[in-house]
Amino acid sequence: MSHMREIEFELNGVRTRATVRLDMSALAMLRDVMGLTGTKYACGEGECGACTIIVDGVSVCSCLMFAVDCEDRTLTTIEGVGREPLGARLERAFVDCGAVQCGFCTPGVVMQAKHWLEAHPNPTRDEIKRGIEGNLCRCTGYVKIVDAIEAASRAEG
Amino acid sequence: MAVEEYWAPATLSDALERLRGGDVTILAGGTDLMPQSHAGRVTLARGLLNVRRVPELRGIEAADGGVRIGALCTMSELMRDPLVREHFGILAEACDHFASDQLRNAATLGGNVCNASPAGDTLVPLLVLDAEAELASKPDGRVQFRRVPLSAFFSGPGRTARAPDELLCAIRLPRPPAGFVGRFYKAGLRPALDISAISIGIGGVPGGRALGQARVAYGAVAPVPMRARRTEQALEGAVLDAATVERVAAIARDEVRPIDDVRASAWYRRELVFNMTRRMLGDVAHA
Amino acid sequence: MTVIEKSSLIGRRIAKLDAPEKASGQTRYVHDLDLPGQLHGSILRSARVHARIRRIDVSKARALPGVHAVLTAADVPYQRPLGVGKDQLPLKGDKVRSRRDEVAAVAAETVEIAEAALALIEVEYEDLPVLTDPSKALEPGAPVIHGENLAPPSPHDSLKPGEPGDAEAHRHNVAMTFDYAQGDVAAGEAESDVVVDDWFRLHYVTHCCMGVSGVIAEFDRSGNLTLHSNTQVPFLHKREFAEILGMDPGRIRIIQPPIGGGFGSKLDIYPFEPIAVFLAKATGRPVKLVFSREEEFVASPTRQPVLLRLRSGAKRDGTLTFRVCETLHDNGAYTSWGATTPFVMMQTISSLYRVPHCSYHTTAVYTNNPYAGSFRGYGNLQATFAVEQQMDELAEKLGIDPLEMRLRNAQEPGEVTPQGMHFRTCGLRQCLTTAAEASGYREKHRAALAAQKAPGHRKRGVGMASMLHVGGGAKIYPSDGCGTILKIDDFAHVTLMTGASEIGQGSETVLAQLVCEELGIPLDAVTVVNNDTDITPWDVGVHASRTTFIGGNSAIGAARKAKAKILAAAAKVAGVAEAELELRAGHIVRAASGEALMSLAKLLRSLHFSDKAELVMTTHYYEPPSRHQDKAFKGDVSAAYAWATQVVEVEVDTDTGVVRLVKVTGAHDVGRVLNRLGIEGQIEGGIVMGQGYAVTEDLIVEDGVVRNPGFRDYKLVTAPEIPEMDIHFIETMDGEGPQGAKGVGEAPAICMAAATANAICNATGVRIRDLPFTPEKVYRALHAAAAPAKAP
């Protein structure tokens with residue numbers, strides 16, 4: 001068994017301490033150590049985006065990140081993103097636009113959309129599609145997800 | 001294998017000291033290391049060395065008339081960088097085809113180079129840009145640097161000229177000649193998130209319906225990403241009429257050494273090399 | 001006087017009730033649940049494709065600290081066969097027949113310990129000859145997959161579809177056969193002016209639910225079993241689990257946490273589920289067993305791969321004369337629902353268009369490959385792929401426009417087909433013309449034909465396909481019904497307890513909507529309970545595009561009973577005839593004027609506390625007026641039938657073989673649109689799933705081994721690849737459907753591969769009968785003369 005290490009970081013606005021295995025992923029830390037299950041495992045190799053979180057302002061697949069690498073960083077997960085105006089707007093737009101079916105991919109897409117819209121404030125539909133190319137969805141065919149991200153990008157405050 | 005120690009040194013010297021101690025896995029972006037280790041294709045060593053805090057591995061800056069790109073630069077940083085976009089557009093273009101936004105935000109140029117995948121997305125443009133790897137080590141208490149041309153860096157799938165005690169610090173790109181044009185192509189259905197069946201990079205200075213100082217590189221058609229020297233020679237001074245383009249593309253098809261795997265057959269890869277080289281040469285000649 | 005206008009929720013864009021929880025990450029799927037004292041289960045799968053198990057040594061695994069149980073078949077002497085074919089035990093003891101076979105299982109304190117324990121288990125195999133080519137399964141001397149007869153006589157034979165092979169047939173690797181005939185095929189052929197005859201090859205794909213398979217099993221002290229399960233058929237599974245485990249079904253409770261995608265994959269019981277129960281029993285602790293993605297690819301079902309030969313004929317004027325279809329189904333190592341897809345396939349062969357003479361034969365054979373289950377569309381993608389390509393081929397041979405060819409043979413409302421299906425509503429003709437006109441099909445088709453030989457590597461083409469699918473349930477089981485319990489509290493809040501399961505498709509929302517429509521209450525006045533067999537009434541399961549239709553009719557039935565009770569009480573209180581009253585916006589109103597007489601809540605309280613000490617609680621069980629097929633597969637199995645036409649426009653790069661889907665125009669006979677947001681989502685998602693089947697997805701199985709068990713090389717469609725979509729709804733107002741609606745869940749995926757094949761042919765002049773249309777496949781077809789033979 002790999003050894004453990006105590007690390008400190010900011011999680012959803014709160015200074016946090018966690019004891020993690022050295023070979024553990026940030027995803028496993030969030031789910032199994034912190035008990036935050038909104039971030040999903042669906043492939044474990046960065047191919048599906050279900051585990052997307054925001055680290056130091058950019059979206060990453062938490063399944064590919066070592067938990068120890070979270071040390072001193074700032075993490076936002078789906079549990080925290082709704083407290084920010086853009087995150088809240090996205091969650092509402094996903095509901096209103098029908099972008100949610102089984103919902104398993106949804107937290108990851110919301111997180112990715114949050115980051116993408118911050119970098120691309122007025123995207124075209126094609127740009128939105130490129131923005132979420134790393135998020136697989138088996139239910140919706142993506143149309144309503146693109147609708148939702150577009151709506152969130154246009155909505156005020 | 002159990003990971004027993006973890007270091008995140010703040011200086012290059014400390015990082016190299018840890019490397020010299022041996023039995024160390026280097027962690028940068030983690031985007032390949034994590035899945036590879038989970039799948040059992042890479043065994044994590046006793047010590048995990050996170051190089052994220054080493055300042056020498058960061059930044060994109062003008063150097064020697066060209067550019068020095070810190071090994072920790074992410075694909076996203078490369079794509080956005082004005083210097084890269086202006087003078088090394090083919091590299092920014094390849095980054096745009098790299099995996100997905102989440103992976104581009106985490107994956108580093110150094111990691112892509114050190115993984116030495118025959119299909120590594122940035123490797124083909126780096127070869128076209130005559131890149132050099134800047135390696136550091138500390139064999140006898142003093143930090144030393146050496147540079148290796150990227151065309152001599154790869155020795156097989158996942159194997160490179162980097163010694164176990166060396167750290168890839170940066171990629172250096174010389175300033176391309178005036179009028180240089182580069183084109184990148186990656187086969188597949190998707191714009192990105194795809195392991196390429198093949199990729200092609202072609203660069204040179206177009207003029208008089210020819211492509212001067214031509215550089216041609218291919219990915220996923222040999223054990224290592226390769227410069228196609230015979231193809232380049234055939235291009236030198238040749239007027240790119242339809243017949244010549246066909247002839248050069250046929251040389252390229254002959255020069256690559258692809259294999260059959262789940263992604264494509266060797267035959268199809270050669271066909272793509274021929275068809276797309278032909279198409280790209282036609283484009284470049286008229287650029 | 002307060003006046004409340006009449007309003008309706010039908011056809012509106014209604015957000016899913018469970019979406020706020022899902023969009024904020026608060027929904028707890030089975031993966032997210034942890035019970036106190038829970039252990040983690042993990043399964044050791046076969047290292048061989050076909051082998052006898054000589055010896056299993058688990059002693060080292062048992063000795064590992066943190067391991068609570070290690071089980072092999074020898075430790076579970078009470079296990080019984082499971083699945084559709086009852087041809088496998090959860091843990092394999094004597095031999096393994098595929099790489100997904102379960103050899104041993106571990107329960108440990110963590111997943112890591114469980115996996116470490118698996119690595120310590122030693123298994124000695126004796127290899128047996130391997131059979132992975134279904135076309136060789138019936139050759140003399142072929143390896144025998146099932147030599148022994150595992151299955152005891154089934155206690156509910158009526159559940160058994162088709163003709164299960166008997167012990168003798170098993171020995172010859174035949175798992176199941178289907179034979180259907182109508183008319184006189186020879187006579188049909190004799191009157192044909194043209195005949196086409198082709199082989200079609202349909203590949204392996206798999207569901208790729210974003211939520212991987214998982215289950216939690218726990219026993220209480222009295223021996224009652226609770227399963228937290230992703231099943232799509234909780235009530236059928238309750239019974240089947242009881243049978244496998246030798247338990248009283250009354251002691252089994254199935255709770256379905258929200259499910260991360262179903263698509264048919266969760267219609268059968270798979271070995272991991274009873275294995276989790278065995279582990280829970282052995283340890284006395286709750287056991288959670290969740291797959292990795294790789295395991296999901298290796299050990300969950302596939303769509304049925306099919307080798308299909310179709311011969312069709314037509315007269316000079318385009319009238320179809322006959323069809324003969326023979327298929328070879330690669331069953332894989334065991335029989336699950338994939339083997340029974342001929343039920344649906346033969347409907348398309350016999351009844352999508354009017355065909356007087358028809359025969360259909362399927363042989364499903366055992367091999368050492370992964371086994372196929374049910375998957376959205378249930379064989380219909382495969383059958384439609386062949387039928388709709390031959391419609392184009394016949395049209396071409398006859399010099400008839402492909403749209404005209406289809407219109408000439410289209411089914412009409414009122415038709416009773418020779419197979420016994422009665423099309424009370426049928427929008428096929430409108431689907432065809434709507435999709436063709438909206439897409440500019442005729443002009444584009446002609447233009448692409450003319451441009452086929454033009455220079456350039458980018459070729460555009462357009463193709464169409466139609467489909468017929470059950471849209472009013474499917475009477476396969478003894479009942480195709482669904483039960484509802486409806487209660488209204490003192491504040492006019494409704495709890496709708498329904499047997500119908502939610503798997504992301506939006507059933508809970510549409511059921512709530514239908515109840516609101518009857519009771520005149522807002523959507524937020526309804527709570528839907530649909531996930532606990534101890535609470536909800538029986539339902540046959542979420543499959544066959546049946547939930548809106550069957551569950552909807554059941555919910556409406558319960559709501560109407562409640563409404564009758566409310567109006568009767570209100571009539572007395574208000575001194576007005578019942579017929580003059582209506583329910584609107586939480587009030588009792590005069591129907592004619594809209595005048596609000598009293599609030600519903602107040603009436604309910606008076607009924608409860610003062611008048612009669614009565615609560616408004618109703619139940620309803622809806623059984624559709626469909627019939628079981630007879631032994632010759634004839635019968636009107638669904639209460640309604642769904643229709644659609646899709647036109648696909650492609651761009652083919654002849655230098656690379658890349659096929660890009662530019663646009664899909666769909667016209668769907670859905671009976672009536674209930675929730676526009678939900679139905680658009682179903683259609684869009686189905687189109688993209690069909691696109692994946694046609695173009696990107698390919699589960700590569702070589703020598704019985706899945707070569708691409710991950711999303712890196714198993715390519716789901718990503719957002720930038722989706723086509724533009726133009727979707728039209730044809731509302732035929734089905735008389736039996738809830739508010740006129742028909743089922744639509746499976747329909748949108750069905751036409752895509754066929755229409756894409758026709759579009760590629762229109763663009764390039766090359767017809768490809770082999771899926772999927774991956775770049776290399778297409779390139780080889782376009783450059784057939786130059787291409788070397790590909791290793792099989």
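Every value quoted in this text rests on a predicted model; they were computed, and no experiment measured them.

Caption draft 1: Broad picture of the overall build of chain A. Regarding its fold elements, chain A presents six helices and five strands. Against the compact-globule benchmark of 15 Å for 157 residues, chain A has a radius of gyration of 15 Å, which places it among compact chains. Counting only C-alpha atoms and orienting by the principal axes, one finds that chain A spans roughly 45 × 30 × 20 Å. Contacts in chain A between residues far apart in sequence, at least 24 positions, make up 53% of those at least 6 positions apart. Accessible area of chain A: about 4,900 Å², with a carbon and sulfur share of 47%. In chain A, 17 positive and 22 negative side-chain charges are present, and the distance between their average locations comes to 4 Å.

Caption draft 2: Spotlight on the domain arrangement of chain B. If you check the domain split of chain B, you get domain 1 (5–49), domain 2 (56–173) and domain 3 (196–285). Between domain 1 of chain B and domain 3 of chain B, the C-alpha centre-to-centre distance is 37 Å.

Caption draft 3: Here's a closer look at unusual backbone geometry. Residue and element names in this part refer to chain C. Across the junction of L771 and P772, the peptide omega takes the value -5 degrees, indicating a cis bond. Backbone geometry at Y378 places phi at a positive 50 degrees, although glycine is not the residue there. Along the chain, Y378 turns up in the loop between strand 16 (357–366) and helix 10 (380–398). Exposure remark for Y378: the relative accessible area of 15% places this residue in the buried category.

Caption draft 4: The arrangement of the packing of aromatic side chains in detail. Scanning the model with the defined rule gives 17 aromatic pairs over all chains in all. Considering the side-chain rings of F178(C) and F633(C), the 5.5 Å spacing of their centres and the 35 degrees angle between planes classify their relative orientation as tilted. Remark: F633(C) occurs in the loop between strand 24 (616–622) and strand 25 (641–653) and F178(C) occurs in strand 8 (residues 174–182); sequence separation between them is 455 residues. Overall, F178(C) belongs to the buried group, its relative accessible area being 0%. Cluster of aromatic residues (ring-pair linked, three or more members): W267(B), Y268(B) and Y779(C). The positively charged end of R253(B) is found above the aromatic ring belonging to F274(B), 4.1 Å away from the centroid. A cation over an aromatic ring shows up here: R303(C) above the ring of F375(C), its NZ or CZ 4.0 Å from the ring centre.

Caption draft 5: The pattern of salt bridges, seen in detail. Counted by the stated rule, this structure contains 96 salt bridges over all chains. R125(A) is the partner of E150(A) in a salt bridge, and the nearest nitrogen-oxygen pair spans 2.7 Å. One end of the pair, E150(A), is in helix 6 (residues 143–154); the other, R125(A), is in helix 5 (residues 125–131), and 25 residues separate them in sequence. For D96(B), the salt bridge is made with R130(A), and the minimal N-O distance between the two is 3.4 Å. Remark: R130(A) occurs in helix 5 and D96(B) occurs in helix 5 (residues 89–96); the pair is interchain, linking two chains. Salt bridges here are not isolated pairs; linked through shared partners, they connect D64(B), R68(B), E132(B), E134(B), R147(B) and R172(B).

Caption draft 6: The arrangement of the packing of helix 11 (residues 266–285) of chain B against helix 20 (residues 775–782) of chain C in detail. Packing of helix 11 of chain B against helix 20 of chain C leaves a shortest axis separation of 11 Å and a crossing angle of 75 degrees. Taken together, the axis directions place helix 11 of chain B and helix 20 of chain C in an arrangement best described as roughly perpendicular. Side by side, helix 11 of chain B and helix 20 of chain C meet where W267(B), Y268(B), E271(B) and N275(B) of the first sit next to P775(C), E776(C), Y779(C) and R780(C) of the second. Looking at the contact of helix 11 of chain B with helix 20 of chain C, its residues break down into four nonpolar, one polar and three charged.

Thresholds applied
Residues numbered from 1 in each chain as written. Chains lettered and ligands numbered in written order. Predicted model: local features only at pLDDT ≥ 70, side-chain atom pairs only at ≥ 80, totals over all residues. Heavy atoms only, no water. Helix = DSSP H or I, 4+ residues; strand = E, 2+ residues; numbered from the N terminus. Rg over C-alpha atoms; globule rule 2.2 N^0.38 Å. Contact = heavy atoms within 4.5 Å. Areas by Shrake-Rupley, 256 points an atom, 1.4 Å probe, with all protein chains shown as cover. Lys, Arg positive; Asp, Glu negative; His and termini not counted. Charge placed at Lys NZ, Arg CZ, Asp CG, Glu CD. Domains from an automatic or database assignment. Buried < 20%, exposed > 50% of the residue type's maximum accessible area, 1.4 Å probe, protein only. Phe/Tyr/Trp six-rings, centres within 6.5 Å; stacked < 30°, edge-to-face > 60°. Lys NZ or Arg CZ within 6 Å of the ring centre and 35° of its normal. Salt bridge = Lys/Arg side-chain N within 4 Å of Asp/Glu carboxyl O. Axes fitted to C-alpha atoms, helices over the stretch in contact; angles between N-to-C directions. Parallel < 35°, antiparallel > 145°, perpendicular 65-115°, else oblique. Nonpolar A, V, L, I, M, F, W, Y, C, P; charged D, E, K, R; others polar.

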